[in-house]
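Architecture and fold: a report
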Amino acid sequence: MAEDRALGPAGKPLVFRVDDSTPEVVQSVLLERGWDKFEQGGQDVEGWNLYWRTSSFRMAEHANIKPWQHLNHHPGTTRLTRKDHLAKHLRHMKKTYGAALDEFIPLTFVMPNDYSKFVAEYFREKHRAGGARSCWICKPAERSRGRGILIFRDIKDLVFDDTYVVQKYICNPLLVGRYKCDLRIYVCVTGFQPLTIYIYQEGLARFATEKFDLGNLRNSHAHLTNSSINKCGASYGKVKEVVGHGCKWTLSRFFSYLRSWDVDDLLLWQKINHVVILTVLAIAPSVPVAANCFELFGFDILVDDNLKPWLLEVNFSPALSIDCSADASVKRKLIHDTIELIYLRSPRNERAEWREGAKGRHSVSLAKLHAGRLNKPGSTRPSEALLQRTGRTLEDESAVKKDLKICPENKHASQPREMVSGRKDLLLSTKEPPRTKAKLTGRHSTYHKTLLPFMSLIQSCGGRTSVSPCVPLDSSNVPGLQAGNFVLIFPFNEATYGASRNGLNVRRIIQELRKLMNKQHPHVVDMEAKRR
Ligand code: ADP
């Protein structure tokens, strides 16, 4: 039994602290990894290593953090997770750094302050469309799970009694078998100063359970994709066209579905990565400095039928309840990988590495650490599955020079495919993924694309490529490339690394991001520029 315990420095067991709000899956994963649970009221009040709870921490708790402790929230992140704050920060970034930077969120007005601006836009739209009215969605700024949402065409129907956002309703969502869906993308920011962002290469696609119908805006089971709403609907348990039972797929299943239609899922994934980087960048300069904390965000992305990803909102403490098989396959591993990311090592190595660290001897090269973990035989870890498929090691990636290519193949390759939608299913779908947009990606070709973006940076940092595996990821280290399904997406090259170390040079980072977008999808950038 003792052999299975995760040990910290000086051979002490690692201890996690929770409160009533801590998701069950977090506790069970930590216990599975050999951590001990902190006993409230015990003698050693500071004797814990990780405190994970749903609500944020007080500044005093951040200020008193000890070097061996971590908190699962960063202060100040409601700038991102409150709908009104998010809109304001993105608007500010656009104003400061130039056009087109916020075009990934639907046109948004914050009520009541922007009411007259909204009225002006409403009538301008109405006039432009020759009387045909656009749809709008009104959402309470601070609520979640689809509560208090209203979709309307006529301004007479707009009601709000608190802070709300009114947003252009995306009327052309990509439908799967006539059902609307959105994507839950998990993102872990391990530090705002310096800014370090990881994206999770698995996630969830969440479906409405009734067919999309603009003729009936009041049907929340057709227009809202929140599972808290849809799991209570009459159609939840029915077998639905293409979607099947329930209301969730894994993200890998969703991307497999797109690939089966020859949709360029790599391009879509790259665009999602850019949305994530720009969104976090919008708030990063204003977030207070804090040590030893991280934030796991849930980004809600709606993809339209032109394969444009729209950011709907960013969730604080994304739901970790396990309601179905898709949840089970994604969320347990998500927590395992989050712990690995924070502690930058695998569960098996945890004990040995802490011991070695306690002796203060070994400093293992990042590449070696990754490669060692990735090559462990017989493991079912997604990253290993990918590696076995591609035959790559991190060292092989050294062939990949300068450019970042962010791509989702890890998740595609890694998760057990629950089902790849066959043509038979797709024939039933009336609104198919847009075949005309499809460009390059066959199911197999993505596996040969690069997924490890950061080799050039690691190489260029020469002597700094080593991190001590016994030290939680910290701002003085070059960030790790990958932990399980987490992949580093920011910084993504030497220039952005430099521009985010001593203070944050947002202008420079945006320039680099624009260059990257131009390189990755010049035709899209051109088209969007023309449209403007
Ligand atoms: P909540 O925090 O209540 O979940 P969201 O902003 O995520 O609020 O919206 C809930 C759901 O409403 C989304 O999952 C999506 O299905 C739908 N939705 C929200 N905003 C839009 C929009 N602008 N266009 C189309 N659908 C939207």
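In this report, we go over the structure that sits alongside the text. Just so you know, these numbers come straight off a predicted model, no measurement behind them.

What counts, and at which threshold
- Residues numbered from 1 in each chain as written.
- Predicted model: local features only at pLDDT ≥ 70, side-chain atom pairs only at ≥ 80, totals over all residues.
- Heavy atoms only, no water.
- Helix = DSSP H or I, 4+ residues; strand = E, 2+ residues; numbered from the N terminus.
- Contact = heavy atoms within 4.5 Å.
- Areas by Shrake-Rupley, 256 points an atom, 1.4 Å probe, with all protein chains shown as cover.
- Phe/Tyr/Trp six-rings, centres within 6.5 Å; stacked < 30°, edge-to-face > 60°.
- Buried < 20%, exposed > 50% of the residue type's maximum accessible area, 1.4 Å probe, protein only.
- Lys NZ or Arg CZ within 6 Å of the ring centre and 35° of its normal.
- Near = heavy atom within 4 Å.
- Polar contact = N/O pair within 3.5 Å; in protein donor to acceptor, adjacent residues only side chain to side chain.
- Nonpolar A, V, L, I, M, F, W, Y, C, P; charged D, E, K, R; others polar.
- Core = buried A, V, L, I, M, F, W, Y, C linked by side-chain atoms within 4.5 Å.
- Disulfide = S-S within 2.5 Å.

Points about the overall build of the protein chain
Helix and strand counts for the protein chain come out as 19 helices and 18 strands. Across the protein chain, the fraction of contacts at a sequence separation of at least 24, relative to all contacts at a separation of at least 6, is 71%. Of the roughly 21,800 Å² of accessible surface on the protein chain, a fraction of 52% belongs to carbon and sulfur atoms.

Here we look at the packing of aromatic side chains
Per the stated rule, a full pass over the model turns up 19 aromatic pairs. Relative to W136, the ring of F118 has its centre 4.9 Å away and its plane inclined at 85°; by these criteria the two rings are edge-to-face. Of the two residues, F118 is situated in helix α5 (residues 115-128) and W136 in strand β6 (residues 136-140); the sequence distance between them amounts to 18 residues. Both residues of the pair, F118 and W136, count as buried. Seen from their ring centres, F255 and W269 are 5.8 Å apart, and the 85° between their planes marks the pair as edge-to-face. Here F255, found in helix α8 (residues 251-260), pairs with W269, found in helix α9 (residues 265-283); they are 14 residues apart in sequence, far enough to count as distant. Summarising the burial analysis for this pair, F255 and W269 share the class buried. A network of ring pairs unites the aromatic residues F109, F118, Y122, F123, W136 and F152 as a single cluster. The cationic tip of K168 hangs over the ring face of W136; the distance from NZ or CZ to the ring centre is 5.9 Å.

Observations regarding the site of the ligand
Neighbouring the ligand are 25 residues; K139, G146, T225, N226 and E313 lie closest to it. Q167 places a polar side-chain atom, nitrogen or oxygen, 3.0 Å from a nitrogen atom of the ligand. Within the side chain of K180, a nitrogen or oxygen atom sits 2.8 Å from a nitrogen atom of the ligand. Isolated, the ligand exposes 540 Å² of accessible area, and the fraction of that covered by the protein chains is 99%. Taken together, the elements giving at least two residues each to the shell around the ligand come down to β6, β8 (164-168), β10 (179-192), β13 (295-303) and β14 (309-316). When the residues that make up the shell around the ligand are grouped by side-chain class, the tally is 8 nonpolar, 6 polar and 11 charged.

Focus on the environment of D36
With respect to the secondary-structure elements, D36 resides in strand β2 (residues 36-37). Residues D36 and A6, spaced 30 residues apart in sequence, show a C-alpha to C-alpha distance of 8.1 Å.

A few points about the nonpolar core
One broad trend across soluble globular proteins is that nonpolar side chains are buried collectively. Within the largest apolar cluster, 59 residues are counted, with the highest numbers of intra-cluster contacts made by I185, F254, F299 and L311. No other element matches the 11 residues that α9 contributes to this core. Residues in contact with F254, not counting those within four places in the same chain, are L174, V176, C181, L183, A205 and W249. In terms of nonpolar packing, the next biggest core, distinct from the first, is built from 30 residues, V26, L30, L50 and L320 among them.

A look at the state of the cysteines
In this structure the tally under the stated criterion is 0 disulfides. No disulfide involves C232; its nearest neighbouring cysteine sulfur is the one of C247, lying 9.5 Å away. Residue C247 stays outside any disulfide, its sulfur separated by 6.7 Å from that of C324, the closest cysteine. Judged by its relative accessible area of 3%, C247 is buried.

Some points on unusual backbone geometry
Omega for the bond connecting Q193 with P194 falls within 30 degrees of zero, at 0°, which places this linkage in the cis form. Residue position: P194 is located in the loop between β10 and β11 (195-207). Geometrically, the link from F490 to P491 is a cis peptide bond, its omega value of 0° lying close to zero. Inspection of the secondary structure assignment puts P491 in the loop between β18 (486-490) and α17 (494-498). Of note, the phi angle at N292 is positive, near 55°, even though the residue is not glycine. Given the relative accessible area of 22%, N292 is considered partly exposed. Located in the positive-phi region is S317, a residue other than glycine, with phi close to 45°. The residue S317 is located in the loop between β14 and α10 (325-343) in this model. Overall, S317 belongs to the partly exposed group, its relative accessible area being 22%.

What is shown is where atoms sit, not what they do.
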